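Understanding the architecture of this molecule
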Amino acid sequence: MIELSIPLPLRRYCNGAERVPLEPTTVGEALTQLIDKYPDIEPLLMAPDGGLRPFVNIFVSGEDIRLRDGLETDLKSTDELEILPAIAGGSEALERDRPASDGVSLVTPDECDASSDNPVLIDVRTDEEWRLGYIPNAEHIDRGFLELRIDQVVADKTRMIVCYCQSGVRSKLAAQTLINMGYGRTVSLDGGIERWKAEGRNLEVPPRVSDEMAARYQRHLTIPEVGAEGQVKLANARVAVIGMGGLGCPVSTYLAAAGVGHIGLVDDDDIDLSNLQRQFLYTPDMVGRSKAMSAEAELARFNPTISFQPLKARLDDGNIRDIFESYDLIVDCTDNFTARYLINDEAVHQGKPVVHGAVYRFDAQVSVFGLDDGPCYRCFLPEPPPPELAPSCADAGVLGVLPGVAGLLMATEAIKVIVGFGEALSGRMLCYEAKSGSVREVKFPRDPNCSVCSERQNAFAADQSEV
Amino acid sequence: MHSPFALTVSANLDEDLKRLFDEAFPNECCGALFGSVGRDGDWHIDKAVGLTNCFGGDRTKAFAIAPQELSQAVRRERTYDLVGFFHSHPRGSHRPSIKDIAEAGPWPGYIQAIIASIDGKGPKPFFYFATADLWQPVPIRELILDD
Ligand SMILES: [Zn+2]
Ligand SMILES: [Zn+2]
């Protein structure tokens, strides 16, 4: 057996293999066997006359086969076989070997609209051009990244692809590249987006952020996973922070800083001197005043663009439904089981996710409940523990910084859920233990018999409403 | 939205490329870039290996990488992957020439670095991702911890 090393750019044609084991007696046989296995690689290695393409060098145990017997070179079972590029260049212009694109078919905008093949439209222009408007439903892959990204956008090589650019020149070359890569049904939009526009068709414009927003959230905009699109999602998001104590302070502060557009601040309590050890939005002169109102005044100072809805109220069966209806995401910053179950049950009912956090002395835990098909709080903990095992923060005490740790993790999860990147802590409880300085994760599934979120429960509720 | 291509390089790569530029001056230097491509598509360059410019004519304006040396370097650096190539433009711009793009055309999918001295500020590498008909500039991603 002989192993043939595949250079990086060709591995996509060989299922990603770095080395392919073969049983050849000559170099020519090795290539034939490789092509039998991976037919797509043939045009990249072989010229139409059956010889090696120029720019392709093959080495047998470090020796160029052109210095031996070419494709006839004999192989021993101990030989190593390597394909390598020939690389050259220079500052003098040379117009040979430019990729030909004469074989690319063109379609008109009318033909594109009328196609029954449900083609994927791919915009190969730059980011700047894309931002000024694109054909509705098009995918954007900058020409420079086409080879790298195409398989993430179009997995099926038999799918029809329509490439377009500004005027139709670049997209023709791009289409040729895709055809060479095995996307045989790729065509180019004649006249590009200019003709599309000139014929009176609509363009879509990606969400735009104002200059001030662009400046303020510049560090977000440069993260591809957030970007302008994500920042606009944050600005449109409606988040209720329930409980403005140790968890609510960091959660609301970072959500406001991140640009979450609508934030509800719900708490019935007044500020107590013992709160100041961890609830950093409050100062000694505020003792005795409403937490919700005081927090709103503080938060509005450093992000005046955000609409806060302070609410001095205790959630109960009578008001929770109306309050939750104004929000898309609930952040549970309460400190007792009664409130957590109340919040969970109503959120499940309204189909809204809950970011959960809790602290106890040196321990903090964070999770996300009711997200998509994920478990709810009752799946995790069907009944509240007996009171003697669940002392409140006031009775048990808490290290002042712990709600900060949990609150920032909660704010992070909230932003992930809103923008839609990464993997939310759904079905997972992240537990931080300050004493040992360790983090562990507890996984838990959705409970098919959950008294609140199970299918059976839903069916039952539906039956009842029929009556 | 597709995340842009992310490239990181080892700390001494810049210095090594500058040295290769200076050593070859006024000729073009050339060589191979070794590193890895992560599963998430992030590229990393660990080292640059200078190889002989075996171009048959004026080597101040063109280069060709000695094929035998490339093969030896690949075998020597087998803990890394061959992720790309570099060459210098001793008196030219930091942009690829038409010849650079045309000659690399049959091998899209590599990193290409051009070391050039622009605005008299001394040699500096510029990184591109080569496709069949253009070289896309690739910024080197730096971790900004805070400011
Ligand atoms: Zn060049
Ligand atoms: Zn449940």
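Since this is a predicted model, take the numbers as computed values, not measurements. (Residues numbered from 1 in each chain as written. Chains lettered and ligands numbered in written order. Predicted model: local features only at pLDDT ≥ 70, side-chain atom pairs only at ≥ 80, totals over all residues. Heavy atoms only, no water.)

1. Thoughts on the overall build of chain A
In terms of helices and strands, chain A carries 18 helices and 19 strands. The buried share among the 467 residues of chain A stands at 48%. Carbon and sulfur atoms make up 50% of the accessible area of chain A, which totals about 22,400 Å². (Helix = DSSP H or I, 4+ residues; strand = E, 2+ residues; numbered from the N terminus. Buried < 20%, exposed > 50% of the residue type's maximum accessible area, 1.4 Å probe, protein only. Areas by Shrake-Rupley, 256 points an atom, 1.4 Å probe, with all protein chains shown as cover.)

2. Focus on the overall build of chain B
Per the secondary structure count, chain B includes three helices and eight strands. Ordered by position in the sequence, the α and β elements of chain B form the string β-α-β-β-β-α-β-α-β-β-β. Looking at chain B residue by residue over its 147 residues, the buried ones come to 50%. Of the contacts made within chain B by residues no fewer than 6 positions apart, 60% connect residues no fewer than 24 positions apart. Total accessible area computed for chain B in this model is approximately 6,800 Å², and 51% of it derives from carbon and sulfur atoms. (Contact = heavy atoms within 4.5 Å.)

3. Structural notes on the pairing of strand E15 (residues 329-332) of chain A
Regular strands place their side chains on alternate faces of the sheet. Residue and element names in this part refer to chain A. Burial along E15 is two-sided: the residues Leu 329 and Val 331 and Ile 330 and Asp 332 are all buried. When strand E12 (residues 238-242) meets E15, the two strands line up parallel, connected through four bridges. Note that in E15 the partner of Ile 242 across the bridge is Asp 332. Relative to strand E16 (residues 354-360), E15 runs parallel, the two sharing three bridges. (Pairing = 2+ DSSP bridges.)

4. Looking at the coordination of the zinc ion (ligand 1)
All names here are of chain B. Within the protein, the atoms that donate to the zinc ion (ligand 1) are His 87 (NE2), His 89 (NE2), Asp 100 (OD) and Asp 100 (OD), at distances of 1.9 to 2.4 Å. Angles of 59 to 163 degrees at the metal separate the four donor atoms of the zinc ion (ligand 1), which places the site in the irregular class. Linear spacing of the donor residues for the zinc ion (ligand 1) on their chain is H-x1-H-x10-D. With His 87 in strand E5 (residues 81-89) and Asp 100 in helix H3 (residues 98-104), this residue pair connects regions lying 13 residues apart in the sequence. (Donors = N, O, S within 2.8 Å, 3.2 Å for Na, K, Ca; no water. Tetrahedral: all angles 85-135°; square planar, octahedral: opposite > 155°, others 65-115°.)

5. Regarding the environment of Asp272(A)
All names here are of chain A. Considering the arrangement of structural elements, one finds Asp 272 in the loop between strand E13 (262-266) and helix H12 (291-302). As a C-alpha pair, Asp 272 and Thr 283 span 11 residues in sequence and 9.9 Å in three-dimensional space. Separated by 2.6 Å, the side chains of Asp 272 and Ser 274 make a polar contact. (Polar contact = N/O pair within 3.5 Å; in protein donor to acceptor, adjacent residues only side chain to side chain.)

6. Considering the packing of helix H11 (residues 248-258) of chain A against helix H17 (residues 402-419) of chain A
Residue and element names in this part refer to chain A. For the pair H11 and H17, interaxial distance at closest approach is 8 Å and the crossing angle is 40 degrees. With respect to their mutual orientation, H11 and H17 come out oblique. As H11 packs across H17, the resulting crossing turns out to be right-handed. For the pair formed by H11 and H17, the contact residues are Pro 250, Val 251, Tyr 254, Leu 255 and Ala 258 on the first element and Pro 403, Gly 404, Gly 407, Leu 408, Met 410, Ala 411, Ala 414 and Ile 415 on the second. (Axes fitted to C-alpha atoms, helices over the stretch in contact; angles between N-to-C directions. Parallel < 35°, antiparallel > 145°, perpendicular 65-115°, else oblique. Left-handed = near helix turned anticlockwise from the far one by under 90°.)

7. Comments concerning the interface of chain A and chain B
If you look at the interface, chain A gives 50 residues, while chain B gives 44 residues. One can count three salt bridges joining chain A with chain B. With its nearest N and O atoms 2.9 Å apart, the salt bridge here joins Arg75(B) to Glu80(A). Looking at the side of chain A that touches chain B residue by residue, the class counts come to 23 nonpolar, nine polar and 18 charged. Pairing geometry for strand E6 (residues 88-90) of chain A and strand E4 (residues 62-64) of chain B, over three bridges, is antiparallel. The partner of Ala88(A) across the bridge, within E4(B), is Ala64(B). (Salt bridge = Lys/Arg side-chain N within 4 Å of Asp/Glu carboxyl O. Nonpolar A, V, L, I, M, F, W, Y, C, P; charged D, E, K, R; others polar.)

8. Some thoughts on the coordination of the zinc ion (ligand 2)
Tetrahedral coordination by four donors puts the ideal angle at the metal at 109.5 degrees, and octahedral coordination by six puts it at 90 or 180 degrees. Residue and element names in this part refer to chain A. Donor atoms from the polypeptide that coordinate the zinc ion (ligand 2) comprise Cys 376 (SG), Cys 379 (SG), Cys 450 (SG) and Cys 453 (SG), at 2.2 to 2.3 Å from the metal. Seen from the zinc ion (ligand 2), its four donor atoms lie at angles of 93 to 120 degrees, and the figure they make is tetrahedral. Positions of the donor residues of the zinc ion (ligand 2) along the chain correspond to the pattern C-x2-C-x70-C-x2-C.

9. Structural notes on helix H2 (residues 67-76) of chain B
Residue pairs three or four apart in sequence face the same way in an α-helix, which turns once every 3.6 residues. Burial in H2(B) covers these residues: Leu70(B), Ser71(B), Ala73(B) and Val74(B). The buried residues of H2(B) occupy one face: seen down the axis, they fall within an arc of 160 degrees. Elements that come into contact with the buried residues of H2(B) comprise strand E3 (56-60) and strand E5 (81-85) of chain A together with strand E2 (30-37), strand E3 (43-51) and E5 of chain B. (Arc of directions from axis to C-beta.)

10. Section: the sheet that holds E13(A)
Residues and elements named next belong to chain A. Ordered in space as E14-E13-E12-E15-E16-E17-E18-E19, the eight strands form an open sheet in which the pairing is mixed. In this open sheet, the two edge strands, each paired with only one partner strand, are strand E14 (307-311) and strand E19 (438-443). Ignoring strand direction, the axes of neighbouring strands in this sheet form an average angle of 15 degrees. Bridge count for strand E18 (residues 428-433) against E19 is six bridges, and the pairing is antiparallel. Directly across from Arg 428, in E19, lies its bridge partner Lys 443. In the packing of H12 onto the sheet, the strands contacted are E13 and E14, and the crossing angle to E14 comes to about 165 degrees.

11. Let's talk about the pattern of salt bridges
Here the structure, examined in full by the defined rule, presents 32 salt bridges over all chains. In this structure, Asp269(A) engages Arg314(A) in a salt bridge whose closest nitrogen and oxygen atoms are separated by 3.0 Å. Residue Asp269(A) is located in the loop between E13 and H12, and its partner Arg314(A) is located in the loop between E14 and helix H13 (320-325); the two are separated by 45 residues in the primary sequence. Taking relative accessible area as the criterion, Asp269(A) reaches 33% and is therefore assigned partly exposed. Across the salt bridge formed by Lys18(B) and Glu15(B), the nearest N and O atoms sit 3.7 Å from each other. Here Lys18(B) and its partner Glu15(B) are both found in helix H1 (residues 13-24), three residues apart, which amounts to about one turn of the helix.

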